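Spelled out, the chains give:
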Protein chains: 4
Amino acid sequence: MTDETETGEEMHLTKGRLEGLSDGIFAFAMTLLVIGLSLPDKTSIVQTPEFAASILLSLHSDFLHYVLAFLILGAFWLVHHVQYHSIRHIDKIFVWINLVTMLFVALLPFSTSYAGDFPNVPLGAIVFDLNLFAIGMGMFLQWLYASRGHRLVEPTVKESYIRQLRYHILIIPFVSVVCILVAATGNTWSSALYMTIPVVKIAVDRIFAV
Amino acid sequence: MTDETETGEEMHLTKGRLEGLSDGIFAFAMTLLVIGLSLPDKTSIVQTPEFAASILLSLHSDFLHYVLAFLILGAFWLVHHVQYHSIRHIDKIFVWINLVTMLFVALLPFSTSYAGDFPNVPLGAIVFDLNLFAIGMGMFLQWLYASRGHRLVEPTVKESYIRQLRYHILIIPFVSVVCILVAATGNTWSSALYMTIPVVKIAVDRIFAV
Amino acid sequence: MTDETETGEEMHLTKGRLEGLSDGIFAFAMTLLVIGLSLPDKTSIVQTPEFAASILLSLHSDFLHYVLAFLILGAFWLVHHVQYHSIRHIDKIFVWINLVTMLFVALLPFSTSYAGDFPNVPLGAIVFDLNLFAIGMGMFLQWLYASRGHRLVEPTVKESYIRQLRYHILIIPFVSVVCILVAATGNTWSSALYMTIPVVKIAVDRIFAV
Amino acid sequence: MTDETETGEEMHLTKGRLEGLSDGIFAFAMTLLVIGLSLPDKTSIVQTPEFAASILLSLHSDFLHYVLAFLILGAFWLVHHVQYHSIRHIDKIFVWINLVTMLFVALLPFSTSYAGDFPNVPLGAIVFDLNLFAIGMGMFLQWLYASRGHRLVEPTVKESYIRQLRYHILIIPFVSVVCILVAATGNTWSSALYMTIPVVKIAVDRIFAV
């Protein structure tokens, strides 16, 4: 905080606080996912083992989507973490790409809950898939903007590393598109495809030799 | 933590922790906005594509307000970020102006949800606008208090920069007042005016040559 | 992280992370207070100005308690902040006093909502008062434990400062007790007494010449 | 951020941000527990002392589970804190064990609420116990992975300390298993056994002379 004050608002953006806000939104969105596992009204609860068990069973689709959404958000958080490690400074455009991405991160508890509520309607899974696709594309655009011509990344970051990260970030959006196509043909098990992500990652690493 | 202990409570306020608390409240309020997108009770859900689609459609006003509120909170967070960069130390009055501003930040999930619930009643939008106006004025007062006579800001911060930031902070409250006036005459599309903020900002920069 | 590893678990407690957890709980509890301002079910909403206005009016007691709870939590956060500034190291007992205090901080969204729901029943306000009393006494015990014989505070911290902070911390619990007594006699305006806190503080400073 | 860029993604994982994300999830999960203490709908509230008192009484099981869950999460947070103090660097496997553990931390508000809703059905307590067991085993695996052969911990950390921490971490999962067995035989007071944790800890320290 010395003479840089004079070079305008642009210079006041610090990587640290954007990281802090993003980590907060990630942590909070991951915790809020649990809201989708809603219990019935106190007054309609019956104190029998059968009723208690039926509540759990009725939530099976919500549980599946909770686990998927939590782990995928964790994977996105890791990508965010890895990206930020290479970034030297940030600018306004980068901040706004990040904020719009966070808008979709914060929306995930809604679409997870929606997908869990409609296990037998493809639209449920599609809304979930579209949300993940939007987060992934936001992450991709952010990295593309930051890394093109080493705009915001450290000069020491290698081109090969930049490309490798680009391929890795695109894996989840790619799986989302496949899920949307599978769901659009009327299948209701499309969300299970997210479990193939680790396999797809290995394949990508082989094919592109990254 | 040396002899400053003796100069009284005032001295113990550190910029870092107030920043942390504020970032936390911003991140949580932004994530809690999603609460406004409420889904119907489990028991009233019908597993048909038509029902699933109708739920999404019924939320269109909530979605619009979610996006607006998230991005405007993001803009306020940026202003907060930029302000704090110039601040050297803080005092009790500054802390309390900040806490009252945060009170309105934390209230936004309520007024966003309220506005989304009443797409056809001007009062819905007005409550939303008033909340944004209160946040904006809090931000403005905070900066006015900190920057007048360089009370809390670094001595190197230029007068022109202080004025520029004042004008910029007033843009959102100004648009809020216009929205209130438009809504008060019975229009229900007033919230769309917030999309003009980037244009207004360019105009302000031109007119005041800041 | 050098040879201190060998001196046992006790040594591994760092002030910074406890501060971080506490700030997180404070920020989140302050933001969750808004949950008390609940809107009616989507299906029971009527799109008329009268209905929209009646919703706001029915929330007047919730609003009052939201504002009180937010500002009092803000005051407690300030006390926490000021306390931690003087603390040099922490131990397990201190951590557990702090965690139990946080248990009551996290409970406040519940008792605020409860008090807001029963504007005409003294028990509503009493539950709110008891919660604030518990937070205040937790804060007091924490400071008493840390400051007695300079157990955990910096050696440079003056006895007069330690005493001054003790008196200050007791102000809110004292007002809570008065509120409980006033509510127990059947009055429903007792919560308004919290607005006298700034006055009580000035009086305490005069009387004890702290 | 120098030449390490070239050694691959693995190197970019920093202990600090994982700690921050985990602290965030701990703080939010602890605060979200309060959601389990749900109040009846505004419209069904009667403004009488009897009704207000009956609401509190109906929540007694929820209160008990709130307190237990908050304090046990606090204990797990302490374990997390102590573990991380000894860790020098992290790798991908460690991050994923941590994220899966956090998945169960974030799930606790659900199972606490579920247990509180079924005070008279053993399944309620068993779901709560299983969730705590999963968190504890996650914590244990994390420490086992990090400490075996000093894989991720500082070389100065003593073998005796590593073993001591292993025993300590297993105490809560052990109590959870006892609770499950007690609940499975039809008892509904099993959760009270968690109050024996401090006693079990002293016994473990005596028996294994750790």
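Residues numbered from 1 in each chain as written. Chains lettered and ligands numbered in written order. Predicted model: local features only at pLDDT ≥ 70, side-chain atom pairs only at ≥ 80, totals over all residues.

Quick notes on the overall build of chain A
Helix and strand counts for chain A come out as seven helices and zero strands. Reading chain A from its N terminus to its C terminus gives the helix and strand order α-α-α-α-α-α-α. The principal-axis extent of the C-alpha atoms belonging to chain A is close to 70 × 45 × 25 Å. The proportion of buried residues among the 210 residues of chain A is 48%. (Helix = DSSP H or I, 4+ residues; strand = E, 2+ residues; numbered from the N terminus. Buried ≥ 20, exposed ≤ 12 C-beta atoms within 10 Å, placed from the backbone.)

Here we look at the relation of the copies chain D and chain C
Once chain D is rotated about the relating axis by 90° and shifted along it by 0.0 Å, it coincides with chain C to within an RMSD of 0.0 Å. The relationship between the two copies is best expressed as a four-fold rotation axis. Little of the interface of chain D is mirrored in chain C: 6% of its interface residues are interface residues there too. (Least-squares fit on C-alpha atoms with pLDDT ≥ 70 in both. Contact = placed C-beta atoms within 7 Å.)

Structural notes on the interface of chain A and chain D
Every contact between the two is made by 33 residues of chain A and, on the other side, 31 residues of chain D. Those elements giving two or more residues to the side of chain A that touches chain D turn out to be α1 (15-32), α2 (49-58) and α3 (60-86) of chain A. When residues of the side of chain A that touches chain D are assigned to their parent elements, the largest contribution, ten residues, is made by α3 of chain A. When grouped by side-chain class, the residues that make up the side of chain A that touches chain D number 20 nonpolar, nine polar and four charged. (Nonpolar A, V, L, I, M, F, W, Y, C, P; charged D, E, K, R; others polar.)

Notes on the arrangement of the chains
With respect to C-alpha atoms, chain A approaches chain C no nearer than 9 Å, and the pair has no contact. Where chain B comes nearest to chain D, the C-alpha atoms are still 9 Å apart, and the two do not contact one another.

Here we look at the relation of the copies chain A and chain D
For the pair chain A and chain D, the superposition axis carries a translation of 0.0 Å, the fit reaches an RMSD of 0.0 Å, and the rotation angle comes to 90°. The overlap is low: 6% of the interface residues of chain A also sit at the interface in chain D, so different surfaces are used on the two sides.

With respect to the interface of chain D and chain C
Tallying the contact residues gives 33 residues for chain D and 33 residues for chain C. Looking at the side of chain D that touches chain C element by element, the count peaks at ten residues for helix α3 (residues 60-86) of chain D. Split by residue class, the side of chain D that touches chain C holds 20 nonpolar, nine polar and four charged.

Topic: helix α6 (residues 159-184) of chain C
Residue and element names in this part refer to chain C. If you check α6, its first and last C-alpha atoms are 38 Å apart, about what 26 residues at 1.5 Å a residue would give, namely 38 Å. Bending of α6 peaks at approximately 30° at the position of isoleucine 171, with proline proline 173 no more than four residues after it. Turning to α6, its buried residues are Tyr161, Leu165, His168, Ile169, Ile172, Val175, Ser176, Cys179, Ile180, Val182 and Ala183. Glycine 186 sits one or two residues past α6 and shows a positive phi near 100°. (Expected span 1.5 Å × (residues − 1). Bend = angle between axes of the 7 residues up to and from the residue.)

Section: unusual backbone geometry
Residues and elements named next belong to chain A. With a phi angle near 50°, histidine 150 is a residue other than glycine that sits in the positive phi range. Within the secondary structure, histidine 150 sits in the loop between α5 (122-147) and α6 (159-184). What makes histidine 150 partly exposed here is the crowd of 15 C-beta atoms within 10 Å.

Observations concerning the packing of helix α3 (residues 60-86) of chain C against helix α5 (residues 122-147) of chain C
When two helices pack together, their arrangement is given by the angle between the helix axes and the distance between those axes. Residues and elements named next belong to chain C. Across the interface, α3 lies against α5 with an axial gap of 11 Å and an inter-helix angle of 5°. The angle between α3 and α5 places the two elements in the roughly parallel class. Along the contact surface, α3 presents His65, Ile72, Phe76, Val79, His80 and Gln83, while α5 presents Phe128, Leu132, Ile135, Met139, Gln142 and Trp143. Considering only residue class, the contact of α3 with α5 consists of eight nonpolar, four polar and no charged. (Axes fitted to C-alpha atoms, helices over the stretch in contact; angles between N-to-C directions. Parallel < 35°, antiparallel > 145°, perpendicular 65-115°, else oblique.)

Quick notes on the environment of tyrosine 145 of chain C
All names here are of chain C. Its location among the elements puts tyrosine 145 in helix α5. For the pair tyrosine 145 and alanine 75, spaced 70 residues apart in sequence, the C-alpha separation works out to 21 Å. In this view, tyrosine 145 contacts Ile93, Phe94, Ile97 and Arg151; residues no more than four positions away in its chain are not counted.

Thoughts on the confidence of the model for chain A
Residue and element names in this part refer to chain A. Overall, the predicted model of chain A reaches an average pLDDT of 89, with 93% of residues at or above 70. The secondary structure element of chain A with the lowest average pLDDT is helix α7 (residues 197-207), at 86, and the one with the highest is α5, at 96. Under a pLDDT of 50 for its full length, residues 1-11 has, in the predicted model, 15 contacts with residues more than four places off or in other chains. Among the scores for the predicted complex, ipTM is 0.89 and pTM is 0.91. (pLDDT = per-residue confidence, 0-100.)

Regarding helix α4 (residues 92-117) of chain D
Residue and element names in this part refer to chain D. Between its terminal C-alpha atoms α4 stretches 38 Å, which fits the 38 Å expected from 26 residues at 1.5 Å a residue. Its axis deflected by about 40° at leucine 107, α4 carries its strongest bend there, up to four residues before the proline proline 109. For α4, the tally of buried residues reaches 20 of 26 residues, placing the bulk of the element in the interior.

Quick notes on the packing of helix α5 (residues 122-147) of chain B against helix α6 (residues 159-184) of chain B
Residue and element names in this part refer to chain B. The geometry of α5 relative to α6 is characterised by a closest axis approach of 9 Å and an angle of 160° between their N-to-C directions. In this view, α5 runs roughly antiparallel relative to α6, as classed from their interaxial angle. Handedness of the crossing formed by α5 with α6: left-handed. (Left-handed = near helix turned anticlockwise from the far one by under 90°.)

What to know about the environment of aspartate 41 of chain C
Its location among the elements puts aspartate 41 of chain C in the loop between α1 (15-32) and α2 (49-58). Considered as a pair, aspartate 41 of chain C and arginine 163 of chain C are 122 residues apart in the sequence and their alpha carbons are 51 Å apart.

Focus: the environment of lysine 15 of chain B
All names here are of chain B. Mapping lysine 15 onto the fold places it in helix α1 (residues 15-32). On the neighbour-count criterion, lysine 15 (14 C-beta atoms within 10 Å) is partly exposed. C-alpha of lysine 15 to C-alpha of leucine 193: the two residues are 178 residues apart in sequence and 35 Å apart in space. Apart from the residues lying within four places of it in its own chain, the contact partners of lysine 15 are Tyr84, Ile87, His89 and Ile90.

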